[in-house]
2 protein chains.
Amino acid sequence: MIGIFDSGYGGLTVLKACIKALPQYDYLYLGDNLRVPYGSRSPETIQQFSEDALKFFFNKKIPLTIFACNTASAAALPYLQEKYLRTPNVTNKKVLGVIIPVAEKAARRTRNKRIAVIGTRATIASKAYEKELHKIDPSIRVFGVAAPLLTPLIEEGWHHKPEARSILKKYLAPVKDFAPDVLILGCTHYPIMHDVFEDILGPRVHVLDSSTAVADSLADYLKRHPEIESQLTKNADPSKPGTRIFTCTDSPERFSEFAKKFLGIGDATTVQKVQL
Amino acid sequence: MIGIFDSGYGGLTVLKACIKALPQYDYLYLGDNLRVPYGSRSPETIQQFSEDALKFFFNKKIPLTIFACNTASAAALPYLQEKYLRTPNVTNKKVLGVIIPVAEKAARRTRNKRIAVIGTRATIASKAYEKELHKIDPSIRVFGVAAPLLTPLIEEGWHHKPEARSILKKYLAPVKDFAPDVLILGCTHYPIMHDVFEDILGPRVHVLDSSTAVADSLADYLKRHPEIESQLTKNADPSKPGTRIFTCTDSPERFSEFAKKFLGIGDATTVQKVQL
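Residues numbered from 1 in each chain as written. Chains lettered and ligands numbered in written order. Predicted model: local features only at pLDDT ≥ 70, side-chain atom pairs only at ≥ 80, totals over all residues.

**Overview of the sheet that holds strand S6 (residues 141-146) of chain B**
Picture the strands of a sheet paired through backbone hydrogen bonds; they go either parallel or antiparallel. All names here are of chain B. As a reminder of what qualifies: Note on pairing: two strands pair once DSSP finds at least 2 bridges between them. We count a stretch as a helix when DSSP gives it H or I for four or more residues in a row; a strand needs E for two or more, and each element gets its number in order from the N terminus. Here the axes come from fitting lines to C-alpha atoms, over the contacting stretch only for helices, and the angles between their N-to-C directions go from 0 to 180 degrees. For every residue pair, C-beta atoms are placed from the backbone, and the pair is scored as a contact if these atoms sit within 7 Å.
Judged by pairing direction, the sheet is parallel, and its four strands sit side by side in the order S6-S5-S7-S8 without closing on themselves. Either end of the sheet is taken by a strand with one partner, and the two such strands are S6 and strand S8 (206-209). Along the sheet, successive strands turn relative to each other by an average axial angle of 25°, direction set aside. Note that strand S5 (residues 114-119) and strand S7 (residues 182-186) share five bridges and pair parallel. Counterpart to Val 117 in the pairing with S7 is Ile 184. In the packing of helix H10 (residues 194-201) onto the sheet, contacts are made with S7 and S8, and the angle to S8 comes to roughly 160°.

**Description of the confidence of the model for chain A**
The criterion, for reference: Across the chain, each position has a pLDDT score giving the predictor's confidence in that residue, from 0 to 100.
Per-residue confidence for chain A gives a mean pLDDT of 93, with 97% of residues at or over 70. Scoring of the predicted complex yields 0.93 for pTM and 0.90 for ipTM.

**Digging into the sheet that holds strand S3 (residues 64-67) of chain B**
All names here are of chain B. The strand order S4-S3-S1-S2-S9-S10 describes an open sheet built from six strands, whose pairing is parallel. Among the strands making up the open sheet, the edge pair consists of strand S4 (94-96) and strand S10 (271-273). Pairwise comparison of adjacent strand axes, ignoring direction, gives a mean angle of 25° for this sheet. Direction of pairing for strand S9 (residues 244-248) relative to S10: parallel, over a ladder of three bridges. Counterpart to Thr 247 in the pairing with S10 is Gln 272. Running at roughly 150° to S10, helix H13 (residues 252-263) makes contact with strand S2 (27-31), S9 and S10 of the sheet.

**Comments concerning the packing of helix H1 (residues 12-21) of chain B against helix H11 (residues 210-224) of chain B**
Residues and elements named next belong to chain B. To keep it simple, the criterion reads: Roughly parallel means an angle under 35 degrees; roughly antiparallel means over 145; roughly perpendicular covers 65 to 115; every other angle is labelled oblique. For any pair of crossing helices, the crossing counts as left-handed if the nearer helix is rotated counterclockwise from the farther one by less than a right angle, and right-handed if it is rotated clockwise. Here the term charged refers only to Asp, Glu, Lys and Arg, the term nonpolar to Ala, Val, Leu, Ile, Met, Phe, Trp, Tyr, Cys and Pro, and the term polar to all other amino acids, Gly among them.
At a minimum axis distance of 8 Å, the contact between H1 and H11 shows a crossing angle of 45°. With respect to their mutual orientation, H1 and H11 come out oblique. Crossing hand, H1 versus H11: right-handed. Together, Thr 13, Val 14, Lys 16, Ala 17, Cys 18, Lys 20 and Ala 21 of H1 and Ser 211, Thr 212, Val 214, Ala 215, Asp 216, Leu 218 and Ala 219 of H11 make up the contact between the two elements. Broken down by class, the residue content of the contact of H1 with H11 amounts to eight nonpolar, three polar and three charged.

**Some remarks on the relation of the copies chain B and chain A**
Rule in force here: Superposing the copies works by least squares over the C-alpha atoms of residues that have pLDDT at least 70 in both of them.
Relative to chain A, chain B is turned by 180° and slid 0.0 Å along the rotation axis, the superposed coordinates differing by an RMSD of 0.0 Å. What the rotation and shift describe, once combined, is the action of a two-fold rotation axis. In this assembly, 100% of the residues forming the interface of chain B have copies in chain A that are likewise at the interface, indicating an isologous arrangement.

**Structural notes on the domain arrangement of chain A**
Residues and elements named next belong to chain A. Put simply, the rule reads: Domain delimitation follows an automatic or database domain assignment.
Taken as a whole, chain A is organised into domain 1 (2-97 + 212-273) and domain 2 (99-210). The gap between the C-alpha centroids of domain 1 and domain 2 is 22 Å. Contact with domain 1, which involves 27 residues of that partner, is made by 25 residues of domain 2. Taken together, the elements giving at least two residues each to the side of domain 1 that touches domain 2 come down to helix H1 (12-21), helix H2 (43-59), helix H3 (70-75), helix H11 (210-224) and helix H13 (252-263). Considering every element that reaches the side of domain 1 that touches domain 2, the biggest residue donor is H3, with five residues. Taken together, the residues that form the side of domain 1 that touches domain 2 break down as 13 nonpolar, 11 polar and three charged.

**Overview of the interface of chain B and chain A**
Contacts between chain B and chain A engage 15 residues on the former and 15 residues on the latter. At the level of secondary structure, the elements contributing two or more residues to the side of chain B that touches chain A comprise helix H8 (150-155) and helix H9 (162-178) of chain B. In terms of residues, the side of chain B that touches chain A owes the most to one element, H9 of chain B, which gives three residues. Class assignment for the residues of the side of chain B that touches chain A results in six nonpolar, four polar and five charged.

**A few points about the pairing of strand S9 (residues 244-248) of chain A**
The sheet contact formed by strand S2 (residues 27-31) of chain A and S9 of chain A spans five bridges and is parallel. By the bridge assignment for S9 of chain A, Tyr 27 of chain A is matched with Arg 244 of chain A.

**Some points on unusual backbone geometry**
Rules: Whether a residue is buried, exposed or partly exposed follows from its count of other C-beta atoms within 10 Å of its own C-beta, namely 20 or more, 12 or fewer, or something in between, respectively; the C-beta atoms are built from the backbone.
For the bond from Val 36 of chain A to Pro 37 of chain A, the omega torsion is -5°, close enough to zero to count as cis. Even without a glycine there, the phi angle at Lys 127 of chain A is positive, about 55°. When you line up the elements, Lys 127 of chain A lands in the loop between helix H6 (121-126) and helix H7 (128-136). For Lys 127 of chain A, a count of 15 C-beta atoms within 10 Å gives the class partly exposed. Not every positive phi belongs to a glycine, and Lys 113 of chain B is a case in point at roughly 55°. Assignment of secondary structure puts Lys 113 of chain B in the loop between helix H5 (99-109) and S5. Taking the C-beta count within 10 Å as the criterion, Lys 113 of chain B has 15 such neighbours and is therefore assigned partly exposed.

**Looking at the pairing of strand S5 (residues 114-119) of chain A**
Residue and element names in this part refer to chain A. With respect to burial, S5 is a largely interior element, five of its six residues being buried. As defined by bridge partners, S5 adjoins strand S6 (residues 141-146) across six bridges and the pair is classed as parallel. Considered in S6, the bridge of Arg 114 is made with Arg 141.

**Remarks on H7 of chain A**
Every α-helical turn comprises 3.6 residues, leaving residues that sit three or four positions apart pointing alike. Applied cut-off: It is the directions from the helix axis to the C-beta atoms that the arc portrays.
Buried within H7 of chain A we find Ala 128, Tyr 129, Glu 132 and Leu 133 of chain A. The buried side chains of H7 of chain A occupy one side of the element, clustering within an arc of 125° when seen end-on.

**Some words on the packing of helix H5 (residues 99-109) of chain A against H11 of chain A**
Residue and element names in this part refer to chain A. Between H5 and H11, the shortest axis-to-axis distance is 9 Å and the interhelical angle comes to 100°. It follows from the interaxial angle that H5 and H11 lie roughly perpendicular. From H5, Pro 101, Val 102 and Lys 105 reach across to H11, where they touch Ser 210, Ala 213, Val 214 and Ser 217. Taken together, the residues of the contact of H5 with H11 break down into four nonpolar, two polar and one charged.

**So, the environment of Glu 163 of chain A**
In this structure, Glu 163 of chain A sits in helix H9 (residues 162-178). Sequence separation between Glu 163 of chain A and Leu 153 of chain A is 10 residues; the distance between their C-alpha atoms is 9.2 Å. Not counting residues within four places of it along the chain, the set of residues in contact with Glu 163 of chain A comprises Trp 158 of chain A together with Glu 163, Ser 166 and Ile 167 of chain B.

Structure below.
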C-alpha cells in the first residue's frame, strides 16, 4: 500500500494523478481535515501536525508515503527526514515529498532560468522551492508569491467565477513583471484552476502542476527501488485497479463531497474517520 | 478578569467593543489560532475544541467568560452549558455566548419580522439564531446564508477591494430577495466590512453587528449580577483601563499582526502562546 498524506482535500489531485499513472497499487489517503489549513500556521505547528500524520502511516506499516501537501513537504519534511528517516535502524520506511520532483521538473523545463512559485504563506516563507532549485542550478532566479485566497475560493466551488479570475490576476501581476517561463503551482488545490492560470499568463509561461510531477516521480522511484516496490501491495492482475482507502480526521461527509466534486472519486461509505 | 474566547482573531472585535463599554475590567483573550477556522468543521469537533478552551478559563478561575465566536456559541455552547454550567455543584462559573444577546437585539429591532443571518457554514447549519429568535417570537421569519469566503478575504486585508464587494454582492443577492429589515452579522470578522454590507443592502436594512450587542449585554449582565461582578478584577480607579492579557495557541507574531491591523490593539511582546 502507498500512503498519500495531505492537510485536507487538495492532495486528492495528487492521488488522482498517481492512480492514473500506477493504477495497480493499493493506496491509503489521509486528509487531516480536523486541522486544515496548514498553510497559515507556524513552522513548528506544521512540523507537529505532519509528525502525527507520519506516525499514522508508520503504525499502519506503510513502506512508502507521499507527502502530497506542499506546505507539509516544505515546512516539515526536512525536519522529519532528519528525525526519523535518515537513521536506518529506526525505520526502513520511505517518504517522498512534492518539492524535489517538482523543482527537478521545473529546472529541466526552464530556458530563461526564471521560475515563479505560487503557494500558501508557509510554503513561500519556507523558500523550499528556491533552495531545491538552487541546489540543481544556482543561476536560476526564483520569485515566490503567497496566494491564501485561492484555496478557499476553490473549496467554495467559485474557481471559475469572474471574482476568482480577478483575484488570481492580482496575485499574478508581480509574476508577470518577473517574466518567468515556468510557474510552479505549489499547492495541491491549484490544478483545479489550471486553465485560468494559463489563460492569464499566456503561452510563454509553462504552468507546472505538482500532481503529475509527483506521479511521474513515483513511477520512476519504484523502478529504481525494487526493494521498496516489492513491499507494496497491489492487484495481482496489473491491468486492474488496486484498493483505495480514504481516511480523514473530521467530517467524512464533507470529505467525500470534495472527493466527488473535484475528482469524481470517493464515496461517503468508504471514508473512515481516524484519530491522529 | 473577564475571559473572551474566539477560534482565532475575529473575537478581537468583541473585545474592542467590551473594552470601549467597560474599560475598567481586566480581560483575558484566548484565540485558538492553532485550529482556526472552526466554521467549516463538524459540530462534534467544534464541541471538543470549545470544551478545551472552556477548561483553559476554568483552570485560570475566570468567573465570567464570553464565547465571542459565533460558531462556538452556535454549535458548542448549548452542549457545554448542559455538561458543565447547569449543575451548580460542578462550577459557579458563567459563560455568555453571542447568539442570545444578538437575537434579542434583532427581535427588538425588526418591524417586518423578517431577519436574515450571515455566518460560517457551521453557524448557519446549526440554525442557532433561528431557534433563539423563534423562542422570542415564533412569527419571525429567518433566512440564513453561509459565506465562507468573507473571513479569508478580511484576513488577507482585501475587504475593501472590488473583488470582496463583488463576492459579498453574490452572497447577499438571496438576502435582498428575502427583504429583511435586519441582517445579523453572525461572525466576528464581518464588522470590519460593515460599511460594505450597508452600502450593498441600502438604508432599509439594519446591519446588526454582534460585537456591540455583546458588549451591551455584558454591561447589562454585570448590573443584574452583582455576585459575579464582585468577583471580577478591575482597576481600582474606574476611570482608568484594566489589564489586558492576550493568549493564543499558535504563532503570537501573526496574532499581534491582526490585533494591530484590525483593531489597533496588542503588541508582539504581550501575546503569550498557550497549550489547550
